[in-house]
Amino acid sequence: MLPKQSLILGGAASGKSAFAEQLVMATNAPRIYIATAQTFDAEMEIKVQKHLNQRGPDWHTIEAPMNTANVLADLPADAVVLLDCATMWLTNQILAESELPAAQEALLEALTACSARVVIVSNEVGLDVVPDNALARRFRDAQGALNQVLAAQADLAVLVVAGLPIVLKGALP
């Protein structure tokens, strides 16, 4: 059985989202997809459409690029939620110049209080070179910190590399 909170980490194009979707689909519970990406260009629109087609019609999608914590509060207990992804959520918060500590605390509290099981997808950004600009370094540090608290809070943490899952914490269902 899928635990209350799972964190699926990986690099760009590592297969983390596909793996997370498989975990959710294996439950046979109502599926809710919380989308945090914003589409500012044609490339991103194509990527979003690809993900929608890949998931198919059995998912209820909620667009929540900024107010993810509010959405988590209203989900049914029998559902399984895929939050994809914490990295885009963080990017949105940083670009909007949100009060990041307060937004992160609200997200963490909402995840804990959520009555549904939640699978969170996030990018592992700490394996790359040190970015050459202050904004990128701020983002990398904030993402690393967010991933650490998400992993500490999760019952299951998995790193996906080249499509292969490596369990860091807990056990796969």
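For the structure itself, consult the block above.
Description of the structure in this document. Only a predicted model underlies this, so the values are computations on that prediction, with no experimental measurement involved.

What to know about the layout of surface pockets
Gaps left between atoms show up when a probe the size of a water molecule is rolled over them.
Right, so step 1: Empty space within the largest pocket amounts to approximately 690 Å³.
Right, so step 2: Taken together, 30 residues form the lining of the largest pocket, with Ser17, Lys47, His51, Asp84 and Cys85 sitting closest to its centre.
Right, so step 3: Here the lining of the largest pocket gets eight residues from one element, more than from any other, and that element is helix 2 (residues 42-55).
Right, so step 4: Each residue belonging to the lining of the largest pocket can be placed in one class, and the counts come to 13 nonpolar, 11 polar and six charged.

Things to note about the pairing of strand 1 (residues 5-10)
Right, so step 1: A large share of strand 1 lies buried, amounting to six of its six residues.
Right, so step 2: Here strand 1 shows two buried faces, one formed by Gln5, Leu7 and Leu9 and the other by Ser6, Ile8 and Gly10.
Right, so step 3: With six bridges joining them, strand 1 and strand 5 (residues 117-123) adopt parallel strand pairing. Bridged to Ser6 within strand 5 is Val119.
Right, so step 4: With five bridges joining them, strand 1 and strand 6 (residues 156-161) adopt parallel strand pairing. When the sheet's bridge partners are listed, Ile8 is paired in strand 6 with Val158.

About the cut-offs
- Residues numbered from 1 in each chain as written.
- Predicted model: local features only at pLDDT ≥ 70, side-chain atom pairs only at ≥ 80, totals over all residues.
- Heavy atoms only, no water.
- 1 Å grid on protein atoms, 1.4 Å probe; cavity = no way out; pocket = protein on both sides within 12 Å on 5 of 7 lines; lining within 4 Å.
- Points joined across faces, edges and corners; volume = space filled by probe spheres on them.
- Helix = DSSP H or I, 4+ residues; strand = E, 2+ residues; numbered from the N terminus.
- Nonpolar A, V, L, I, M, F, W, Y, C, P; charged D, E, K, R; others polar.
- Buried < 20%, exposed > 50% of the residue type's maximum accessible area, 1.4 Å probe, protein only.
- Pairing = 2+ DSSP bridges.

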